[in-house]
Amino acid sequence: MYEILILALIGIDQLTKWLVRTSLSSSRSIEIIGGFFNLTYVENRGAAFGLLQNMKVFFVLVALIVAIVGLVYIHRSKSRDGARTKKDLRIAKINRLAVSSIIGGAIGNLIDRLWLGYVVDFFDFRFIWSYVFNFADILVVVGTLVFCISMFLLGEDVD
């Protein structure tokens, strides 16, 4: 089930990036909400906020490690479900969904790096900050936040 979710998230990420590449790359930016939100085509060769430019091998390795460790976590966590209380089962499912989100985002950006040589970014909230990001970035950030909150506040042990 979680593998299907991961594939669906990767598919959504790649579809949004393809739409941006095919329809926005020539105009570079479209204003959606004046002074607040634009769709802006950016080729990001670094990490978050454009840091660590041109370190493709590093990012590929990190994404592969995240995917492998995440899948191991999901499967180990599922194998313990029989001994869990209802509350612990809910927490474990939340954590597996969060990890699936992280994996989907990491692989979505990995595909860009391997196929294009850069990551396509396009969400541009100019009112908030000057950084542009994509759906995969949202998956990684939200998945990480949910996982951390769940682990620290709800208290599931990592296997």
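For the structure itself, consult the block above.
To start, this report covers the structure provided alongside it.

Definitions and cut-offs
- Residues numbered from 1 in each chain as written.
- Predicted model: local features only at pLDDT ≥ 70, side-chain atom pairs only at ≥ 80, totals over all residues.
- Heavy atoms only, no water.
- Axes fitted to C-alpha atoms, helices over the stretch in contact; angles between N-to-C directions.
- Helix = DSSP H or I, 4+ residues; strand = E, 2+ residues; numbered from the N terminus.
- Contact = heavy atoms within 4.5 Å.
- Phe/Tyr/Trp six-rings, centres within 6.5 Å; stacked < 30°, edge-to-face > 60°.
- Buried < 20%, exposed > 50% of the residue type's maximum accessible area, 1.4 Å probe, protein only.

To continue, consider the packing of helix H1 (residues 2-24) against helix H4 (residues 135-154). Following both chains from N to C, one finds H1 and H4 inclined at 145°, their axes separated by 8 Å at the closest point. Contact residues: H1 offers Leu9, Ile12, Asp13, Thr16 and Lys17, while H4 offers Phe135, Ala136 and Leu139.

On inspection of all chains with the given rule, the structure shows seven aromatic pairs. For the ring pair Phe36 and Phe125, a centre distance of 5.6 Å and an interplane angle of 80° mean the geometry is edge-to-face. In this pair, Phe36 sits in the loop between strand E1 (29-33) and strand E2 (37-44) while Phe125 sits in strand E3 (residues 119-125), placing the two residues 89 residues apart along the sequence. Judged by relative accessible area, which is 23%, Phe125 ranks as partly exposed. When the centroid spacing of 4.6 Å and the interplanar angle of 35° are considered together, the rings of Phe37 and Phe125 count as tilted. In this pair, Phe37 is assigned in strand E2 and Phe125 in strand E3, connecting sequence segments 88 residues apart. Residue classification places Phe37 among the buried residues on the basis of a relative accessible area of 13%. Members of the aromatic cluster, connected to one another through ring pairs, are Phe36, Phe37, Phe122, Phe123, Phe125 and Phe133.

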